[in-house]
Amino acid sequence: MKNLRAPDYVRGAAAALVFAVLTAPVALADKDNLRFSVPVACTLGETCFLQALIDHDPSEESRDFACGTLTRDGHQGSDFALQDLAAMRAGVEVLAAASGTVTAIRDRLPDINANDPDADFGEEFCGNAVRINHGGGWATLYCHLKRGSVRVAPGMRVDRGAPVGEIGLSGSTTFPHLHFSIFKDDVELDPFAAGISRCGEPGATLWEDPVPLQQAGFLKAGFADHVPAFDDIDEGLRNADKLSATGPIVVWVSGFGAREGDEFALTIWHGEDVFFERIETLDRRQETWQRYLGRRAGADPWPSGTYRAEVTLKRDGTLLAATELTATIPAS
């Protein structure tokens, strides 16, 4: 995949916009900081997820502002990810994080996975995008917007919270998300800890209100009466409320932020009885991951009734995420 560090992210009508990378801390007094709203019209932790933050580790390792692992080497910006392509197609608005004037847009690149052989975005890594000038040296950038969704034009004044486009899959990305960046005097800042260069150093938040943050979790999960293809999960597979008495009973999970040693556990009950149980230790760090577990169809039909699943993710014994699912096999 091509590197998002390229400075020429989005071209305006007249000239290229060039953005500096975060290479050194910027001295900022907290009272001088502009405050920004969450730039997506979705519920964090439920219908969208903060999936990657700015990397503050100058080595080949990567650490977010809190010395966590919710980032990747060299990553800039904050990634607000959707559950799947179905959510993207339904439309999730991208919102102006503060009032300002639009200075550049792009809205012509297709929504296509960057790993697809037909993907061709040239040097336009940011994909379809909007840049807003907020005055006082402050600017924001909104990348990977859905083609045809941009609702603003250069020179237009926008208020905080105004829709500027929708989350898409354009440019250098393999999953639908908004790549959001904040700049002060052309230097990118981390909204969670502005003005720092190494993780763990004190920095002022640029968020108007506290933003919930999960280091890892589940994007979605569900029952299925077949072994699902991973592409089906990416496309928009949902929980099957009804199962077949003669097919397999499977629970599938899509997650983010995995780290080596994380413990993924699944238990399925039928009534008060444990129908299936499995604990797996994840073997590597992954920005996104998928699993499916369950029981194959037997010679006899499965008993009718309600099946309940509990899925958990733990790190060093601490619960990071949990979800419950139900499905039924109707009485014949």
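For the structure itself, look to the data block above.
What counts as what
- Residues numbered from 1 in each chain as written.
- Predicted model: local features only at pLDDT ≥ 70, side-chain atom pairs only at ≥ 80, totals over all residues.
- Heavy atoms only, no water.
- Helix = DSSP H or I, 4+ residues; strand = E, 2+ residues; numbered from the N terminus.
- Rg over C-alpha atoms; globule rule 2.2 N^0.38 Å.
- Buried < 20%, exposed > 50% of the residue type's maximum accessible area, 1.4 Å probe, protein only.
- Contact = heavy atoms within 4.5 Å.
- Lys, Arg positive; Asp, Glu negative; His and termini not counted.
- Charge placed at Lys NZ, Arg CZ, Asp CG, Glu CD.
- Patch = residues over 30% accessible without salt bridge, like charges linked within 9 Å, V, L, I, M, F, W, Y side chains within 5 Å.
- Areas by Shrake-Rupley, 256 points an atom, 1.4 Å probe, with all protein chains shown as cover.
- Salt bridge = Lys/Arg side-chain N within 4 Å of Asp/Glu carboxyl O.
- Pairing = 2+ DSSP bridges.
- Disulfide = S-S within 2.5 Å.
- Axes fitted to C-alpha atoms, helices over the stretch in contact; angles between N-to-C directions.
- Core = buried A, V, L, I, M, F, W, Y, C linked by side-chain atoms within 4.5 Å.
- 1 Å grid on protein atoms, 1.4 Å probe; cavity = no way out; pocket = protein on both sides within 12 Å on 5 of 7 lines; lining within 4 Å.
- Points joined across faces, edges and corners; volume = space filled by probe spheres on them.
- Nonpolar A, V, L, I, M, F, W, Y, C, P; charged D, E, K, R; others polar.
- Polar contact = N/O pair within 3.5 Å; in protein donor to acceptor, adjacent residues only side chain to side chain.

Caption draft 1: Looking closely at the overall build of the protein. Helix and strand content of the protein: 2 helices and 19 strands. Compactness check: the protein gives a C-alpha radius of gyration of 22 Å against a globular reference of 20 Å for 332 residues, within 12% of the reference. Overall, the C-alpha framework of the protein stretches about 70 × 40 × 35 Å when taken along its three principal axes. A buried classification covers 49% of the 332 residues belonging to the protein. Sequence-distant contacts, at least 24 apart, represent 70% of the contacts inside the protein between residues at least 6 apart. Taking the 31 positively charged and 48 negatively charged side chains of the protein as two groups, their mean positions are separated by 2 Å.

Caption draft 2: Seen up close, a nonpolar patch on the surface. A cluster of nonpolar side chains, contributed by V227, F230 and Y292, occupies part of the molecular surface with about 270 Å² of accessible area. Structurally, F230 can be placed in helix 2 (residues 230–235).

Caption draft 3: View of the pairing of strand 8 (residues 138–145). Burial analysis of strand 8 places 8 of its 8 residues in the buried class, which makes it a mostly covered element. Counted along the chain from strand 7 (residues 128–135) to the antiparallel partner strand 8, the turn is 2 residues long, and its residue G136 has a positive phi close to 65 degrees. As paired elements, strand 8 and strand 11 (residues 177–184) share 6 bridges and run antiparallel to each other. Across the sheet, the residue bridging to L141 is S181, located in strand 11.

Caption draft 4: Up close: the state of the cysteines. In the structure shown here, the tally under the stated rule is 3 disulfides. Note that C42 is cross-linked by a disulfide to C48, the S-S spacing being 2.2 Å. In this structure, the disulfide formed by C42 and C48 twists by about 90 degrees around the S-S bond and is classed as right-handed. Residue class for C48 comes out buried when judged on its relative accessible area of 0%.

Caption draft 5: Structural detail: the sheet that holds strand 16 (residues 273–281). In spatial order, the strands read 16-15-18-19; together these 4 strands make up an open sheet with antiparallel pairing. In the strand order of this sheet, the two ends are held by strand 16 and strand 19 (318–329), each with one partner. Each strand axis lies, on average, 10 degrees off the axis of its neighbour in the sheet, ignoring direction. By the bridge criterion, 8 bridges tie strand 15 (residues 263–270) to strand 18 (residues 305–315) in an arrangement that is antiparallel. The partner of L266 across the bridge, within strand 18, is V311.

Caption draft 6: Region of interest: the nonpolar core. With 46 residues, the main nonpolar core has F36, F80, V130, I132, Y142, L178 and F180 as its most contacted residues. When residues of this core are traced back to their parent elements, those giving at least two are strand 3 (48–52), strand 4 (78–82), helix 1 (85–90), strand 7, strand 8 and strand 11. In this structure, F80 is in contact with V38, P39, V40, L44, F49, L50, I167, H177, L178, F180 and W207, ignoring residues within four places of it in sequence. Ranked by size, the runner-up nonpolar core spans 26 residues in total, among them F264, V311, L313 and L325.

Caption draft 7: Seen up close, the layout of surface pockets. The space that makes up the largest pocket amounts to roughly 640 Å³. N113, T174, F175, P176 and D234 are the residues nearest the centre of the largest pocket, which is lined by 29 residues in total. Put simply, the parts of the chain that give the lining of the largest pocket at least two residues each are strand 4, helix 1, strand 13 (217–224), helix 2, strand 14 (249–258) and strand 17 (286–295). Looking at the lining of the largest pocket residue by residue, the class counts come to 11 nonpolar, 9 polar and 9 charged.

Caption draft 8: Region of the structure containing unusual backbone geometry. Phi at D185 is positive, roughly 55 degrees, even though this residue is not glycine. What makes D185 exposed here is its relative accessible area of 52%. At D186, a residue that is not glycine, the phi angle is positive and equals roughly 70 degrees. In this structure, D186 sits in the loop between strand 11 and strand 12 (187–189).

Caption draft 9: Layout of the sheet that holds strand 14. In spatial order, the strands read 13-14-17; together these 3 strands make up an open sheet with antiparallel pairing. With one partner strand each, in any of the chains shown, strand 13 and strand 17 form the two edges of the open sheet. Put simply, the sheet's adjacent strands are angled 15 degrees from each other on average, direction ignored. Note that strand 14 and strand 17 share 9 bridges and pair antiparallel. By the bridge assignment for strand 17, F256 is matched with T288.

Caption draft 10: View of the side chain of E188. Position of E188 relative to the elements: it lies in strand 12. Here the side chain of E188 touches G77 through a polar contact of 2.9 Å, landing on its backbone nitrogen. A polar side-chain atom of E188 sits 2.9 Å from a polar atom in the side chain of S181.

These figures come from the coordinates and say nothing about function on their own.
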